[in-house]
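One-letter residues, chain by chain:
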Amino acid sequence: MAMTYRGDDGGRRMPPPRSSGRSRDHQRAQMMPLPGRGRSPYDERTRPMGTREPEPQYAPPPPRQDPPRPDDDYPPSRPPRRRRRWNAGRVLLTLALVFVVFLAGIWVYMEFSIKRVDALADYSGRPVAESGTNWLIVGSDSREGLTAEDEERLATGDVAAAGGGQRTDTIMLAHLPDNDTKPTLLSLPRDSQVAIPGHGKNKINAAFSLGGPKLLAQTVEGATGLHIDHYAEIGFGGFAKIVDAIGGVEMCIDNDMNDTMTGINIKAGCPQTLDGRSALGFVRMRHSAATPRSDLDRVANQRKFIGALVSQIASPGTLLNPFDFFPLLSSAPDALTMDSGDHVHNLAGLAIAMRGISSGGVVTTTVPVTSGSAENWDKTKSKQLFDALKNDTPVPDSVIVN
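A brief report on the enclosed structure follows. In this text, all values refer to a predicted model and were calculated from it rather than measured experimentally. (Residues numbered from 1 in each chain as written. Predicted model: local features only at pLDDT ≥ 70, side-chain atom pairs only at ≥ 80, totals over all residues. Heavy atoms only, no water.)

So, about the pairing of strand β3 (residues 168-176). Where burial is concerned, most of β3 is hidden: 9 out of the 9 residues are buried. Of the pairings in the sheet, the one linking strand β2 (residues 133-140) to β3 comprises 8 bridges and is antiparallel in character. Each residue of the ladder has a partner; that of Gly 139, found in β3, is Thr 170. In the sheet, β3 pairs with strand β4 (residues 184-187) via 4 bridges, with the strands oriented antiparallel. Residue His 175 lies in a different strand from β4, and its bridge partner there is Thr 184. (Buried < 20%, exposed > 50% of the residue type's maximum accessible area, 1.4 Å probe, protein only. Helix = DSSP H or I, 4+ residues; strand = E, 2+ residues; numbered from the N terminus. Pairing = 2+ DSSP bridges.)

Let's shift gears to the side chain of His 230. Checked against the element boundaries, His 230 lands in strand β7 (residues 230-234). Within the structure, His 230 has its side chain in polar contact with the side chain of Asp 342 (distance 2.6 Å). If near-sequence neighbours (up to four positions away) are discounted, His 230 is found in contact with Leu 120, Thr 133, Asn 134, Trp 135, Leu 136, Asp 342 and Asn 346. (Polar contact = N/O pair within 3.5 Å; in protein donor to acceptor, adjacent residues only side chain to side chain. Contact = heavy atoms within 4.5 Å.)

A few words now on helix α9 (residues 322-335). Over its 14 residues, α9 runs 19 Å from end to end, which matches the ideal 20 Å to within 8%, given 1.5 Å per residue. Taken together, the buried positions of α9 are occupied by Asp 324, Phe 325, Leu 328, Leu 329, Ser 331, Ala 332, Pro 333 and Ala 335. The backbone nitrogen of Phe 323 has a side-chain oxygen 3.1 Å away, supplied by the residue at the start of α9, namely Asn 321. (Expected span 1.5 Å × (residues − 1).)

The 7 strands lie next to each other as β1-β12-β7-β2-β3-β4-β13, forming an open sheet whose pairing is mixed. Both outer strands of the open sheet, β1 (115-117) and β13 (363-366), are each paired with one neighbouring strand and no more. Neighbouring strand axes in the sheet, compared pairwise and without regard to direction, differ in orientation by 25° on average. Along the sheet face, helix α11 (residues 379-391) touches β3, β4 and β13 and points at about 145° away from the line of β4. (Axes fitted to C-alpha atoms, helices over the stretch in contact; angles between N-to-C directions.)

It is worth spelling out the pairing of β4 at this point. Side chains Thr 184 and Leu 186 of β4 all project onto a buried face; the interleaved residues Leu 185 and Ser 187 project onto the opposite face, where all are buried too. Across 4 bridges, the pairing between β4 and β13 is parallel. Its bridge partner lying in β13, Leu 185 is registered against Thr 364.

Another aspect to go through is the nonpolar core. Counting residues in hydrophobic clusters, the biggest one holds 32 residues, and the most contacted among them are Leu 136, Leu 186, Leu 188, Leu 216 and Val 220. Among the secondary structure elements, those contributing two or more residues to this core are β2, β3, β5 (193-196), α4 (206-224) and α11. Looking at this core, the element that brings in the most residues is α4, giving 7 residues. Non-local contacts of Leu 216, meaning those with residues more than four positions away in its chain, are made with Leu 136, Val 138, Thr 168, Ile 171, Ile 204, Ala 207 and Phe 208. (Core = buried A, V, L, I, M, F, W, Y, C linked by side-chain atoms within 4.5 Å.)

Next comes the structure, spelled out in structure tokens:
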């Protein structure tokens, strides 16, 4: 049975001719690349029928390697970062550095805060420097910085009644030897009659009123023959502030002390704490039944109090207690006056040397005098005393007056 195809040609279409094998070969030959042209971009899409798609090429896996053994030669890995640990040595070093910086700050503060004065000057005939170091320590009756209420509270007295001007209630020489001889704290009674350059003979404390620290230093050098190396001065108000700053000073008072001039009363007791007002009255008192030798008893009390004061200031209880140390630090610059050539380390050396007053490590004495009025010095004994200080030799017991 014949099949017909309908189409545009009258309803009959002849079936497409069957291709012969020759035609297939001809087409296949046309799809082959020409020599020298390489592969055609259409080769993959016009792959001849009957051919298999080539399998993808994969890189072969790397050969298996065993992990390195500890004895193999290979670069070591970077060690893990260790945390910095604070051991005891590092902590102590840090604390030491902080302490040094703290001390340096205190030194700078004191160095630039303490008041200065030109007290020591060269002049014709000035004694040459001998062995050791000599300090002139002055307690003046200066009321600088005190209000009327302060003067009444401290019982400083009236300036006009005292003769006017500025005078010294305390005059001391501190000798620091260069050898192992004991330091000496020597009191010069304020009523001692000595030659004052340019003013004839007068009481030694008048030199301060007539010419200030410079004339007083020159007067002391002329009377003792000792070269003064350093100068320190403290007034009424500064003295009381320092005592109050450290919470008072512990003292042993043997007898009741009632001053008829100032009205200050101190009861006997051991130990008892003297505040600024009582301490100032104690070192100034001479009109009392407890001070029958007047000025000689007063200078002995002054040395006794200075020993207790210095020992308490230098004690760990004061230096390590911020409630005592910082008030002391703030009050010291206003209380002290030093020579323009002096420095804080000089003052520290004086304080260290004077710590032994209470324990007997410092010789304390008054210039030998001829009478209880303490106006005239014993020339023979005074010379022996001053010669011992010049040469750093022990002070003879025969010239020590206490």
